[in-house]
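Here is what each chain is made of, one letter per residue.
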Amino acid sequence: MNTLKAVRGTRDLLPPETELWHHVEATARRVFARYNFGEIRTPIFEDTLLFARGVGEETDIVSKEMYTFTPADDVGREARGQDRGRAASDKAQSLTLRPENTAGVVRAYIEHKLGETGLLQKLYYMGPQFRRERPQKGRYRQFFQIGAEVIGPPSAGSESPLRDAEVLEMLASFLDELGVTGWRLAINSVGSAADRPRYLAALREALAAVAGSLCGDCQHRAHTNPLRVLDCKVPADQPVIDALPKIADYLDDASRAHFAAVCAALDRCGVRYELNARLVRGIDYYTRTTFEFTHDAGLGTQNALLGGGRYDGLSEMLGGPRAPGIGFAIGADRLVLTLQSQAGGAAAPSKADVFLAPVGEAQNPAALVLARELRRSGLRVELGDGSFRVKKSFELADKLARRIVLLGEDEVASGMLTVKNFATGEQQKVVRGELATALSGA
Ligand code: AMP
């Protein structure tokens, strides 16, 4: 029989790599809390319409990459008799595994009437997202994002360029605090909903003249979603695309002033960035500021660590009140790959504070009691087994822990224990009542 494997594009994350994930997640929680963000958790699947409307029918994500369970799947379930007891409304609904989290957060903002608080909502999330992309290093079909959104009524200041600058400054601080060196920030403005049609008209006109010389994908995009042509990575297309009209030349005064204010605030707090006129990003909801942080070490072609932008019209696209906002999503898988490559490979497993080795099976219960006491005082304890020979206990302890304590009949009776430290080779006699303190140092 063939052994079962994780599905293509998905993977298992095992210790010690998961320690690095915890470190990334804990740093994000700590840094975001300083900017007064709170955590939101939205469902992993949503009504398909949310993404069709929010992300956009013509985007790659919606048109090619979603994992959708259509009502047609239910016909098969019904035939197999797996549908008993399901409500008719359930059967009619098309559901999709979330390919991104901004649409879900904005849906929740609308559903819970968060706009009525009159306050700016600052929400962060972390969790898996699903896209049926061609898997490669740094690109998976189940991947993890850590993201945040700042959204609220205009009266709460949600349109202010200060919010854009604050979010970008937070991301720079987050990457610095994690120890990611050599990241680069690119920013652009894609204009407001009013600027866009003027630019799109100019772009379509320019594309009509040159599309024939572009790659097949771009020829298609020139009709369906001309902005996406700017994302093309095919080398031969680059000179033609570079010569297309620039969105910066089509911004109205308000959009131009907004972008200038974002740049000025970044300059003021010393966050370095590059302007990239082609940074439009692949999702329909973006308006005004768009940005991307990249890193070249260890990621190959998938060098975007995180991306985001402003989405002033998204709430209204989803039937909600006017609620401008800005947000980002960090590719946590890529961040971990970057940290691993900076550290020169996979991390070594970290070790327990102590290996407790009962000598003889009769000491197992006493060892369990002592392990319980030490663990309750916060120590990380690996518990051996009295059926092991002392030599085997030492070998195991050396692999798994920084110290060993043997617990034989004499030690249990006298309460006098010997701690051996593997790094220094030192041995120390300690009374049982002081063991936890003796083990808590380095
Ligand atoms: P997006 O939601 O497309 O704006 O992507 C935001 C970030 O998520 C990207 O910069 C990547 O770091 C990460 N990302 C997007 N798609 C994938 C994927 N298929 N696998 C791994 N990371 C991804």
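Not measured: the values here are computed from a predicted model.

Draft legend 1. A look at the domain arrangement of the protein chain. Taken domain by domain, the protein chain comprises domain 1 (17-192 + 269-342), domain 2 (195-251) and domain 3 (354-439). Relative to domain 3, the C-alpha centre of domain 1 lies at a distance of 47 Å.

Draft legend 2. Representation of the site of the ligand. In the vicinity of the ligand, 15 residues are found, and the nearest of them are Arg-131, Glu-133, Tyr-140, Arg-281 and Ala-304. One nitrogen or oxygen atom from the side chain of Glu-133 is found 2.6 Å from a nitrogen atom belonging to the ligand. When the ligand is considered free in solution it has 490 Å² of accessible area, and contact with the protein chains removes 91% of it. Residue assignment for the shell around the ligand shows that the elements contributing at least two residues are strand 6 (142-151), strand 10 (304-310) and strand 11 (325-331). Ranked by residue count, the leading element in the shell around the ligand is strand 10, at four residues.

Draft legend 3. Examining the sheet that holds strand 15 (residues 416-421) more closely. Sheet architecture is open: five strands sit in the order 13-12-14-15-16, paired in mixed fashion. Each edge of the sheet is formed by a strand with only one pairing partner; in this case those strands are strand 13 (381-383) and strand 16 (427-431). Averaged over all neighbouring strand pairs, the angle between strand axes comes to 25°, with direction disregarded. Note: strand 15 against strand 16, five bridges, orientation antiparallel. Residue Val-419 lies in a different strand from strand 16, and its bridge partner there is Gln-428. On top of the sheet, helix 14 (residues 364-376) reaches strand 12 (354-358), strand 13, strand 14 (403-407) and strand 15; it is set at about 170° to strand 13, its chief contact.

Draft legend 4. Expanded view of the packing of helix 7 (residues 161-178) against helix 11 (residues 253-269). Where helix 7 meets helix 11, the closest approach of the two axes is 8 Å, and the angle between their N-to-C directions is 40°. By the angle between their directions, the pair helix 7 and helix 11 is classed as oblique. As for the relative orientation of helix 7 and helix 11, their crossing is right-handed in sense. Residues Pro-161, Asp-164, Ala-165, Leu-168 and Glu-169 of helix 7 touch helix 11, and the partners they reach there are His-258, Ala-261, Val-262, Ala-265, Leu-266 and Cys-269. Grouping the amino acids of the contact of helix 7 with helix 11 by side-chain chemistry returns eight nonpolar, one polar and two charged.

How each quantity is defined
- Residues numbered from 1 in each chain as written.
- Predicted model: local features only at pLDDT ≥ 70, side-chain atom pairs only at ≥ 80, totals over all residues.
- Heavy atoms only, no water.
- Domains from an automatic or database assignment.
- Near = heavy atom within 4 Å.
- Polar contact = N/O pair within 3.5 Å; in protein donor to acceptor, adjacent residues only side chain to side chain.
- Areas by Shrake-Rupley, 256 points an atom, 1.4 Å probe, with all protein chains shown as cover.
- Helix = DSSP H or I, 4+ residues; strand = E, 2+ residues; numbered from the N terminus.
- Pairing = 2+ DSSP bridges.
- Axes fitted to C-alpha atoms, helices over the stretch in contact; angles between N-to-C directions.
- Contact = heavy atoms within 4.5 Å.
- Parallel < 35°, antiparallel > 145°, perpendicular 65-115°, else oblique.
- Left-handed = near helix turned anticlockwise from the far one by under 90°.
- Nonpolar A, V, L, I, M, F, W, Y, C, P; charged D, E, K, R; others polar.

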